[in-house]
Amino acid sequence: AYTNPLDTMSLTVPNVMRAIIQANIKHPIVVLAQAIHETGWFSSVVCHRDNNLFGLTNPKTKQYYRFSHWTESVLAYRDKVQYKYKGGNYLEFLDAMGYAEDPLYVQKVKRIISHYLIKSPLPEDSTQNPTKNAWFCHVTIRIIGRKLLY
């Protein structure tokens with residue numbers, strides 16, 4: 001039987017970033033910040049009970065999607081949210097699509113990015129191909145220094 005190698009990854013910030021990149025999700029640093037915000041640094045009930053890193057809900061039932069592994073929620077984010085993105089400022093896209101009910105959601109995601117993930121503005125191309133940019137290592141080091149190696 002085939003086993004997806006992502007399914008054996010433990011829930012850490014570096015592993016979430018790796019899964020986001022492997023899923024070819026655009027603007028991975030923003031998406032990582034969303035996962036951190038949505039789960040309270042991977043501590044929420046929805047994160048642990050449902051393996052849902054993004055608070056994704058079924059529009060018909062209004063219930064949280066349940067996944068057998070957290071990596072499935074990364075793929076669901078790509079397939080249920082990001083496929084709608086057609087370019088431009090990603091945070092504005094999230095705001096315009098009504099991703100979250102909280103009117104301060106975008107500001108909170110920006111705060112996570114600036115306080116915990118990076119200190120300098122992202123070069124435009126780094127959001128598209130992070131594995132070729134030095135900031136990826138910087139993000140991992142800052143996060144490990146923060147608290148998150150479960």
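What counts and what doesn't
- Residues numbered from 1 in each chain as written.
- Predicted model: local features only at pLDDT ≥ 70, side-chain atom pairs only at ≥ 80, totals over all residues.
- Heavy atoms only, no water.
- Helix = DSSP H or I, 4+ residues; strand = E, 2+ residues; numbered from the N terminus.
- Buried < 20%, exposed > 50% of the residue type's maximum accessible area, 1.4 Å probe, protein only.
- Contact = heavy atoms within 4.5 Å.
- Areas by Shrake-Rupley, 256 points an atom, 1.4 Å probe, with all protein chains shown as cover.
- Polar contact = N/O pair within 3.5 Å; in protein donor to acceptor, adjacent residues only side chain to side chain.
- Axes fitted to C-alpha atoms, helices over the stretch in contact; angles between N-to-C directions.
- Parallel < 35°, antiparallel > 145°, perpendicular 65-115°, else oblique.
- Left-handed = near helix turned anticlockwise from the far one by under 90°.
- Nonpolar A, V, L, I, M, F, W, Y, C, P; charged D, E, K, R; others polar.

Student: How should I be thinking about the overall build of the protein chain in this particular structure?
Tutor: Broken down by element type, the protein chain carries seven helices and zero strands. If you list the helices and strands of the protein chain from N to C, you get α-α-α-α-α-α-α. Buried residues in the protein chain amount to 46% of all 150 residues. Residue pairs at least 24 apart in sequence account for 51% of intrachain contacts in the protein chain once pairs closer than 6 positions are excluded. For the protein chain, the accessible surface area stands at approximately 8400 Å², while carbon and sulfur atoms represent 53% of it.

Student: So what exactly am I meant to see when it comes to the environment of His37 here?
Tutor: Of note, His37 is situated in helix α2 (residues 28–39). What makes His37 partly exposed here is its relative accessible area of 27%. For the pair formed by His37 and Arg111, sequence separation is 74 residues and the distance between their alpha carbons is 9.8 Å. When near neighbours in sequence (up to four residues on either side) are disregarded, His37 contacts Tyr105, Lys108 and Ile112.

Student: Explain the environment of Ile118 here, please?
Tutor: Mapped onto the secondary structure, Ile118 falls in the loop between α6 (105–117) and α7 (135–146). On the basis of relative accessibility, which here comes to 7%, the residue Ile118 falls in the buried class. As for Ile118 and Ile29, which are separated by 89 residues in sequence, their C-alpha atoms are 9.1 Å apart.

Student: I would appreciate a short explanation of the side chain of Asn15 in the present structure.
Tutor: Checked against the element boundaries, Asn15 lands in helix α1 (residues 13–22). Here the side chain of Asn15 touches Ser10 through a polar contact of 2.9 Å, landing on its backbone oxygen. When neighbours within four sequence positions are excluded, Asn15 is seen to be in contact with Met9, Ser10 and Trp70.

Student: Would you explain the packing of α1 against α2 in this entry?
Tutor: The relative placement of two packed helices is expressed as an angle between their axes plus a distance between the axes. It is at 10 Å that the axes of α1 and α2 come closest, and there the two elements cross at 130°. Relative to α2, the element α1 is oriented oblique. In the packing of α1 onto α2, the handedness of the crossing is right-handed. Along the contact surface, α1 presents Val13, Val16, Met17, Ile20 and Ile21, while α2 presents Pro28, Ile29, Val31, Leu32 and Ile36. Residue composition of the contact of α1 with α2, by class: ten nonpolar, no polar and no charged.

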